[in-house]
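# Coordinates in review
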Amino acid sequence: MTQRLMELLLFVALASAWGLMHASAGWAVAGALAGALLWSLLDGLRARRLLKWLATADTSQTPKLRGMWAELYVRSQKVLKNLERKIQSSDARLANFLAAIQASPNGVILLDADGRIEWVNLTAAHQLGFDQQKDVGQYIQNLVRSPIFKTYISGGDFSTEIQIGGIGARPSVPSKISVQIHPYGHKRKLMLTRDVTAVELADTMRRDFVANVSHEIRTPLTVLSGFVETLQHIPVTETDRNIYLGMMSQQAQRMQMLVSDLLTLSRLEGSPAPGPGDWIDTDELMAPAVEETRALSTVIAQPPHEITQVAETAFSISGNKSELHSAMSNLLSNAVRYTPAGGSIRTGWHLRPDGWAEFFVEDSGPGIAAEHLPRLTERFYRVDRSRSRETGGTGLGLAIVKHVAQRHGGQFNVTSKTGQGSTFSIALPPSRVRENIPS
Ligand code: ADP
């Protein structure tokens, strides 16, 4: 301030001295006024420069200023730089925060007080079919058309979540999206979405499974308790009694087989996959399996089947012996059970040109129509229900086989045509195959 005053006085003094030098005291006063005016003009020019700089607030530019204006410039620049730093740091924090929400496996949508989308993350956009950029500003009710959602959002009770249909990864498979709204701030809403398709599917499968098991057990149980009641209340001849006991034992066996297959399945699901531990000679696996198959065929088929064991190179495979035996037995017993008496069955282990080892069972049975093939390994799925029941099938055999193959890193395969027999196979990867060293 003192500097400014000094500068003004200097201008006035110089101009009045100039006036005095040239004429009278009147000129000196005029000179002083002219000096003050000149100083004001110069001062105004500096103020204008500072205002111009402030208008753009470009911290990289330095306006030409002196005195108090230069001081004002330096201080403003400091304040601006501080502000700039603060904005940059809160921008970075906001970007980090949004990136974290973006990475969330759940969908997040921010709605303003009128229910318009303010921000939406990629997950929610995918689940509900939004455009992450273009749909900002749109009313949520115009984009989510489910009547359940409309009632939910207009009702204002957000204490529970709702489920609506979403846009799945594959449009042919509808997805289920759980939605919950959490109000915050002034009438604003945070909408969280979660894809519950898999959970729903698992729930449905569990319910179906329990219903199927109950159904499978109820039939033999009803038969059994019927016979028990008959034997308890009605006098029967010795012959009838033996017939009834025979039937009762058959039903008990059926339940036993069902329980045993269920336990096998649950063991396969609940235990770690077999490592590349023990090496088993394929002949060692084939011999008992073929023997059992021949025995079963003589019991249930008249004349028995013609069973051929095909043996090529001698090799070993690594895996769990009892699991592999169970899978092979299931395929062989199916061939016997579904192929009419006297039909032919070929089986064996062979090495494929691509290095995989394959166990196959080929039969001359009725074959299976193409529409059933993809569903054969579903639990309790049967093509020929009555034949399965008659021959003691549980409907779980192929599910077990597929599990065993997958647990060994292998594949399960079926090729079949109605009336032309079937070929079932299990293939194991080269890492589980070793040629036998001749002794
Ligand atoms: P099941 O205990 O009923 O035999 P599986 O899971 O072993 O159950 O087989 C499922 C269904 O596949 C069977 O019910 C049967 O209809 C069909 N199937 C299995 N193997 C054969 C086969 N070799 N020939 C014809 N149909 C078969």
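Residues numbered from 1 in each chain as written. Predicted model: local features only at pLDDT ≥ 70, side-chain atom pairs only at ≥ 80, totals over all residues. Heavy atoms only, no water.

### Observations concerning the overall build of the protein chain
Helix and strand content of the protein chain: 12 helices and 13 strands. Scaling as 2.2 N^0.38, a compact globule of 439 residues should have a C-alpha radius of gyration of about 22 Å, whereas the protein chain reaches 44 Å, well beyond that. With the C-alpha coordinates of the protein chain rotated into their principal frame, the extents come out at 160 × 65 × 35 Å. Counting every position in the protein chain, which comprises 439 residues, the buried fraction comes to 36%. Long-range pairs, those at least 24 residues apart, make up 58% of the contacts in the protein chain between residues at least 6 apart in sequence. By element, 59% of the accessible surface of the protein chain is carried by carbon and sulfur atoms, the whole surface being about 26,000 Å². (Helix = DSSP H or I, 4+ residues; strand = E, 2+ residues; numbered from the N terminus. Rg over C-alpha atoms; globule rule 2.2 N^0.38 Å. Buried < 20%, exposed > 50% of the residue type's maximum accessible area, 1.4 Å probe, protein only. Contact = heavy atoms within 4.5 Å. Areas by Shrake-Rupley, 256 points an atom, 1.4 Å probe, with all protein chains shown as cover.)

### Observations regarding unusual backbone geometry
Look at the link from Q302 to P303: it is a cis peptide, with omega at 5°. Along the polypeptide, P303 turns up in the loop between α9 (282-300) and β7 (306-309). Here the phi dihedral of K187 falls at roughly 60°; this positive angle occurs in a residue that is not glycine. One can find K187 in the loop between β4 (175-184) and β5 (188-195). Given the relative accessible area of 57%, K187 is considered exposed. In this model, F380 sits at a positive phi of 70°, which is unusual for a non-glycine residue. Within the secondary structure layout, F380 lies in the loop between β10 (357-363) and α11 (385-390).

### Notes on the environment of G19
Tracing the backbone shows G19 in helix α1 (residues 2-22). In contact with G19, not counting residues within four places along its chain, are S24, W27 and A28.

### With respect to the site of the ligand
Near the ligand lie 20 residues; those nearest to it are N334, Y338, S388, G395 and L398. Take G397: an N or O atom from its main chain is 3.3 Å from an oxygen atom of the ligand. For the ligand, the accessible surface in isolation is 530 Å², of which the surrounding protein chains cover 98%. When residues of the shell around the ligand are traced back to their parent elements, those giving at least two are α10 (321-338), α12 (397-407) and β12 (422-428). At 4 residues, α10 tops the list of elements feeding residues into the shell around the ligand. (Near = heavy atom within 4 Å. Polar contact = N/O pair within 3.5 Å; in protein donor to acceptor, adjacent residues only side chain to side chain.)

### Examining the packing of helix α2 (residues 25-56) against helix α3 (residues 67-102)
One can describe the packing of α2 onto α3 by two numbers: an axis separation of 10 Å at closest approach and a directional angle of 10°. For the element pair α2 / α3, the angle class is roughly parallel. Every residue of α3 that contacts α2 at D43, R46, A47, L50, W53 and L54 is listed here: W69, L72, Y73, S76, Q77 and L80. (Axes fitted to C-alpha atoms, helices over the stretch in contact; angles between N-to-C directions. Parallel < 35°, antiparallel > 145°, perpendicular 65-115°, else oblique.)

### Points about a nonpolar patch on the surface
Nonpolar side chains collect at one region of the surface, where W18, M21 and W27 lie side by side and expose about 420 Å² of accessible area between them. Inspection of the secondary structure puts W18 in helix α1. Given a relative accessible area of 48%, W18 falls into the partly exposed group. (Patch = residues over 30% accessible without salt bridge, like charges linked within 9 Å, V, L, I, M, F, W, Y side chains within 5 Å. Salt bridge = Lys/Arg side-chain N within 4 Å of Asp/Glu carboxyl O.)

### Some points on α1
Compared with the 30 Å implied by 1.5 Å per residue over 21 residues, the 30 Å span of α1 between its first and last C-alpha is a close match. Three or more residues of α1 are buried, namely R4, E7, A15, S16 and G19. Burial along α1 is one-sided: seen end-on, the buried residues are contained in an arc of 155°. Facing away from the buried side of α1 by more than 90 degrees, the exposed set consists of T2, M6, L9, L10, L14, L20 and M21. Where α1 is buried, its residues touch α2 and α3. (Expected span 1.5 Å × (residues − 1). Arc of directions from axis to C-beta.)

### Re α12
In terms of burial, α12 is a largely internal element, 8 of the 11 residues being buried. All buried positions along α12 are accounted for by G397, L398, A399, I400, V401, V404, A405 and R407. As for α12, its buried residues are in contact with α8 (238-270), α10, β11 (411-416) and β12. At the exit of α12 stands G409, carrying a positive phi of roughly 70°.

### Regarding the sheet that holds strand β1 (residues 107-111)
An order of β2-β1-β5-β4-β3 is seen for the 5 strands of this open sheet, with the pairing classed as antiparallel. Sheet topology places β2 (117-120) and β3 (162-166) at the edges, where each strand pairs with a single neighbour. Adjacent strand axes in the sheet meet at a mean angle of 30°, parallel and antiparallel pairs treated alike. Sheet topology places β4 next to β5; 8 bridges connect them, and they run antiparallel. Looking at the pairing, I181 lines up with M191 of β5. (Pairing = 2+ DSSP bridges.)

### Regarding the confidence of the model for the protein chain
Of the residues in the protein chain, 98% reach a pLDDT of 70 or more, and the chain-wide mean stands at 90. No element of the protein chain has a lower mean pLDDT than α1, which averages 81, and none a higher one than β12, which averages 98. (pLDDT = per-residue confidence, 0-100.)

### Topic: the pairing of strand β9 (residues 344-351)
Of the pairings in the sheet, the one linking β7 to β9 comprises 4 bridges and is parallel in character. Paired with E306 across the strands is S344, a residue of β9. In the sheet, β9 pairs with β10 via 7 bridges, with the strands oriented antiparallel. Residue pairing across strands places I345 opposite D363, the latter belonging to β10.

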